[in-house]
Amino acid sequence: MTKPEYEWTWKEIPVGNVILEPGNASQYRTGDWKTLKPVLNKELCVHCGLCYIYCPDMAYNLNEEDYYIVDLYYCKGCGICAKECPTGAISMVLEKEEE
Amino acid sequence: MGKRVGMEVSIAAAEAVKQCNVDVISAYPITPQTHIVEHLSELVANGELDAEFFCVESEHSALSVCVGASAAGARAFTCTSSQGLALMSEITYIASGLRLPILMILANRTLSAPLSIWNDHSDAMMIRDCGWIQFFVENGQEVYDHVFISYRLGEDRQVLFPVIINMDGFILSHVIEPIELIEQEKIDQFLPPYEPLYRLHPDRPITMGAFALPSIFAETKKAQEVALRSSYPKILEVWEAFGKMTGRYYHPVETYKAEDAETLILTMGSIGETASVAVDMMRKEGRPVGLVRLRLWRPFPFEALRQATLHAKNLIVIDRCVSVGGPGGPVASEVRSALYGEDKKPFIYNFVAGISGRDVSPSDFMKMVDRAEIEIEEGKRDGYEIYGVRE
């Protein structure tokens, strides 16, 4: 998709609502579903990657310093990462309104 | 001119499907549609038709198979009635939303309860808004002809919609009629091979049937609605081309002795032939009665209906389905809507007649005309009655 779905007019939609460009689900911002967001305390993190493995939305990615960092564009705030983190390095905190 | 033979209408329908050289047939047997599917399975088993015949476990699967086949670029056919259509109904909306040109013959039968196998239009009305092009045919020849018309129409790049041919169960499906068969060479010219606009193919991956967020769903429905309405001129065009080939011309609204009629009867389906006999009988008595037959149900032919009816004083709409607790029968309700904005329009009287196979004879039509004319004269403006019910 060349533009977000809320900008498409009815005349631009392909016949049968076919999606011609594979993989466009990556444009779907599921991050705005959440009320709580995961915050990582790097002091406690042991780089085990369980947050990355358990995340149902594949929102975690490894950064250059070997920390798994959540992408808030996709994170739905489910809290599984915080629940599974063996050292309690991830806490769920209320998203601020301006975010 | 093709060969004229006596054959059961269901067999003629199946032969037409064969002549269209379909790729996939998927259906589940249900009375009174059974003979069509039986004959097609024989044709496939005998090697007379090179197609995949899917024996599925339900009608829901029958249409689902057609959706999958059509999405992959195949010419697909299914056929059902009544409860079978009810089970299939979920997929009818999907086929039209995906714009897949499947053909379904609906041998119209009453919906249960009480359980009944006989004919009326309650099954067709259940899926009135499913987004398919919907024809109501009157006799066996029209069933046969509309199989070719439907595929050519549905598969047109400017249309791309599934099509339903409504034919009255038993009254048509099980009756032997003279059918003029069309030579295969002519069919091959009339109906080119199906060239899908989009299809599922590993070389060019696309997504069909994706979900739509509230932010785009309304746009998709408007696109579908405009496309179905815009198929109207194409329908006329295909009918015209078919007429040139066979000499049989079809129209969305057909009239019989209607031009100078004060009272018009409006029908859909095979009951129109009986009504035309009644019109002849009343004309002999010097009564200015005429007939309007609605052949195209979706897209609804608003303008053609107005042209055919506005001059009349009375319009008697015959419904073959009860809209329980609603504004009369579904056909009458739509006819009223179509005429409501007009300054000069006929008074509409609505009879529900012939539900679940109850015979409606020419004399019944004469009684209905009598009653409607008298009651309208007496000032009744919203006449509605289930005709012939014992009090």
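Quick note: structure is the one above.
Residues numbered from 1 in each chain as written. Chains lettered and ligands numbered in written order. Predicted model: local features only at pLDDT ≥ 70, side-chain atom pairs only at ≥ 80, totals over all residues. Heavy atoms only, no water.

Student: Whenever I open this one, the packing of aromatic side chains confuses me. Can you help?
Tutor: Centre-to-centre distance and the angle between the planes together describe a pair of aromatic rings. According to the stated counting rule, one finds twelve aromatic pairs over all chains in the structure shown. A ring pair is formed by A:Tyr28 and A:Trp33, whose centres lie 6.5 Å apart and whose planes are at 70°; its orientation type is edge-to-face. (Phe/Tyr/Trp six-rings, centres within 6.5 Å; stacked < 30°, edge-to-face > 60°.)

Student: I tried to follow the layout of surface pockets on my own but got confused; where do I start?
Tutor: The method is simple in principle: a probe with the dimensions of a water molecule rolls over the atoms, and the space it marks as empty is what remains. Residue and element names in this part refer to chain B. Approximately 920 Å³ is the volume attributed to the largest pocket. Of all the secondary structure elements, the ones that give two or more residues to the lining of the largest pocket are helix 4 (82-97) and helix 8 (214-230). If you tally residues by element for the lining of the largest pocket, the top one is helix 8, at five residues. Of the residues in the lining of the largest pocket, the class split is 22 nonpolar, eight polar and five charged. If you add up the space inside the second largest pocket, you get close to 460 Å³. Considering the residues around the second largest pocket, the lining is formed by 21 residues, among which Glu225, Leu228, Arg229, Arg298 and Pro299 are closest to the centre. Elements supplying a minimum of two residues to the lining of the second largest pocket: helix 4, helix 8 and helix 11 (302-309). (1 Å grid on protein atoms, 1.4 Å probe; cavity = no way out; pocket = protein on both sides within 12 Å on 5 of 7 lines; lining within 4 Å. Points joined across faces, edges and corners; volume = space filled by probe spheres on them. Helix = DSSP H or I, 4+ residues; strand = E, 2+ residues; numbered from the N terminus. Nonpolar A, V, L, I, M, F, W, Y, C, P; charged D, E, K, R; others polar.)

Student: Just checking my understanding: could you explain helix 8 of chain B for this structure?
Tutor: The α-helix advances 3.6 residues per turn, and as a result positions three or four apart in sequence lie on the same side. The end-to-end C-alpha separation of helix 8 of chain B is 25 Å, in line with the 24 Å expected for 17 residues at 1.5 Å each. Where helix 8 of chain B is buried, its residues meet helix 4, strand 6 (133-136) and helix 9 (232-246) of chain B. (Expected span 1.5 Å × (residues − 1). Contact = heavy atoms within 4.5 Å.)

Student: Would you mind showing me how to read the interface of chain B and chain A here?
Tutor: By a frequent convention, interface size equals the accessible area lost on bringing the separate parts together. The interface is formed by 21 residues belonging to chain B together with 15 residues belonging to chain A. Regarding the contact of chain B and chain A, the summed buried area is about 1600 Å², with carbon and sulfur atoms giving 71% of it. At the surface where chain B touches chain A, the tally comes to zero salt bridges. Linking chain B to chain A there are two residue pairs in polar contact (both at pLDDT 80 or more). Sort the elements by how many residues they give to the side of chain B that touches chain A and helix 8 of chain B lands first, with seven residues. Split by residue class, the side of chain B that touches chain A holds 13 nonpolar, four polar and four charged. (Buried area = accessible area lost by both parts, 1.4 Å probe. Salt bridge = Lys/Arg side-chain N within 4 Å of Asp/Glu carboxyl O. Polar contact = N/O pair within 3.5 Å; in protein donor to acceptor, adjacent residues only side chain to side chain.)

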